[in-house]
Amino acid sequence: MAKELFDINGQQTGFSLNTDLSPYDMPPTFFTSANNVRFVDKKASTILGNTRVFGTALDTPYWITSWTQGSTPLWIYGGATSLNKITGTTHANVTRSSGAYTTIAGTTKNWQGGVLGGVLVVNNSLDVPQSFTQGGSLFTDLPDWPSTLRCEVIVPFRNHLVALNLTDSGTAKPFTVRWSDAIPSGAATNGADTWNSASTASESGEATIGGTKGRILNALPLGNELIVYKEDSIHSLSYVGGTFTFNLREKFKNTGLFSRDAVVDLGDGKHVFMSTNDVVVTNGNSLTSVIDDRVKTFLFSQIDSTYYYKTFLVNNRIQNEVWICYPRTGATGGLPNTALVWNYRDNTWATRDLPSVNYIGVGLVDPELTNTWAAATDTWQNSTVAWSQQAYNPAVDSLLMCYPASTAGDSRFFLADSSTTFDGTTFVTTLERVGLHSGRTDSIKYISRIYPRISGTGYVKISVGAELEPYAGVTYADPVEFNIGVDSKIDCRVRGRYIAIKFEHDTDTSFDLSGYAIESEVVSDR
């Protein structure tokens, strides 16, 4: 029989990960496994890794955010019992003067917050919310906040603060929302009645979101509405003024939020959120699944059932990606160690390893790092930055990872997408596809060569395998090294009805795969 070439390339439909469809029936441009890879410009490429930055934390970092005080860009991080700031590379404790906070270590709580009129407001659910003004040197208890009131979440919206899922004098009110009076820009309060919902002189008010049994988990502004996410429904607050201040209405039934931080703003009038069985984009009026028939079953089968609440989403805007960060079953300390990554420009999926992070902050902050070649963990050849170029660009968002170890001294901050290694340690990029065939499944084929189209440096290990029947299990031949820029093919001797191929890369170099061709011939019809 004559030999034939089965060519596979991403230039028409693009490559992506797909674990939900049958590998024996789905298009050949889908991979059945794609880890530490990024699908960009219809190619499969190695990801960038991460670099340790900012030195030693003052307290175990569980959460971090960026904020500008005056003209000074800061990172603010929440520890087990403290709040701290990083100016450049210098750490300082900015905990309230009255002392440490109730520890969040060993609890299901974490810090959260936002900025209202230049004032940073943060909350750990266990203490009075904290405020840091433009002229302040430390955080303070939020002025005029009721002393016996606690909230799971506090969110700036318009010129109000909105507290959600309350505990009042020890009584849980998981369906209750309370909003403040209008607060002047630059201030943390508008006087004694700021939170007094009984005062006619204040716009403060309180409402209960009933109708379903789910608790309120979070809220995020979307246009002129504050979208309130419960566990099993979605609602909105919109400003109307007058007696009621805000109008509350139900948006969607029978869908809610998976965990508190499993929602992110895309920045184009849309949210992406993870529900208990889907990943959804909403514009406030409709819901669209972006994961169905792609990687839905994979995602929900991976997440640790005990520490699911640590799952969070982050928008990597510079790469047009949303990272769904979650702890795999058995993850150390229950910390998220994997990200399922959705490229919302190209509608592709892939996975990447994470260094056991509790949170990833996003910010336009230049920490004025001394960026010398002597201090670099990458070689000159493999570095992802140019001579004298800062690893941080103050014109684009950076992703800053919090790795909370058992002690502050062992904890780390990592800059994502900044290196060809994981802080000096090489990682493995894997692309695998099983179940390939060129249309005929009634014959046994002999696979003799693979012609990869790969650019970059270094080498890629390519393994070829096959199976006689679907789901019988792939038997792989030994991997063959493909020298990028030197080799044009690899030789192999594999027989089967369904072809499998695996690309592995384990050096601190990068590569791009635009396609590959499989040379085969039919050797039997049985």
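Above this text sits the structure in question.
Residues numbered from 1 in each chain as written. Predicted model: local features only at pLDDT ≥ 70, side-chain atom pairs only at ≥ 80, totals over all residues. Heavy atoms only, no water.

**Student:** So what about the sheet that holds strand β27 (residues 287-289)? Which residues, and what values?
**Tutor:** With antiparallel pairing, 4 strands are arranged side by side in an open sheet as β24-β25-β26-β27. The open sheet is flanked by β24 (263-265) and β27, the only strands paired with a single partner. Looking at each pair of strands side by side, their axes are set apart by 25° on average, direction ignored. (Pairing = 2+ DSSP bridges. Helix = DSSP H or I, 4+ residues; strand = E, 2+ residues; numbered from the N terminus. Axes fitted to C-alpha atoms, helices over the stretch in contact; angles between N-to-C directions.)

**Student:** Could you give me a rundown of the layout of surface pockets, with the residues and numbers involved?
**Tutor:** Put simply, the largest pocket is a space of about 900 Å³. A breakdown of the residues in the lining of the largest pocket according to their chemical character gives 20 nonpolar, 8 polar and 4 charged. Taken as a whole, the second largest pocket spans an internal volume of roughly 730 Å³. Taken together, 34 residues form the lining of the second largest pocket, with T108, K109, N110, Y309 and K310 sitting closest to its centre. Of the residues in the lining of the second largest pocket, the class split is 15 nonpolar, 12 polar and 7 charged. (1 Å grid on protein atoms, 1.4 Å probe; cavity = no way out; pocket = protein on both sides within 12 Å on 5 of 7 lines; lining within 4 Å. Points joined across faces, edges and corners; volume = space filled by probe spheres on them. Nonpolar A, V, L, I, M, F, W, Y, C, P; charged D, E, K, R; others polar.)

**Student:** Can you break down the pattern of salt bridges residue by residue, with the values?
**Tutor:** The final tally for this structure, using the stated rule, is 25 salt bridges. Across the pair D261 and R260 runs a salt bridge, and its minimum N-O distance is 3.1 Å. The same class applies to D261 as to R260, namely buried. A salt bridge links D491 to R449; the shortest N-O distance between them is 3.1 Å. With D491 in strand β40 (residues 490-496) and R449 in strand β36 (residues 444-456), this pair connects stretches of sequence that are 42 residues apart. Salt bridges here are not isolated pairs; linked through shared partners, they connect K3, R449, K489, D491 and E519. (Salt bridge = Lys/Arg side-chain N within 4 Å of Asp/Glu carboxyl O. Buried < 20%, exposed > 50% of the residue type's maximum accessible area, 1.4 Å probe, protein only.)

**Student:** Account for the environment of G334, with residues named and values stated.
**Tutor:** With respect to the element layout, G334 can be found in the loop between β29 (321-326) and β30 (338-343). Taking relative accessible area as the criterion, G334 reaches 1% and is therefore assigned buried. A sequence separation of 65 residues divides G334 from G269, and the C-alpha atoms of the two residues are 33 Å apart. Apart from residues lying up to four places away in sequence, G334 is in contact with Y307, K310 and P327. (Contact = heavy atoms within 4.5 Å.)

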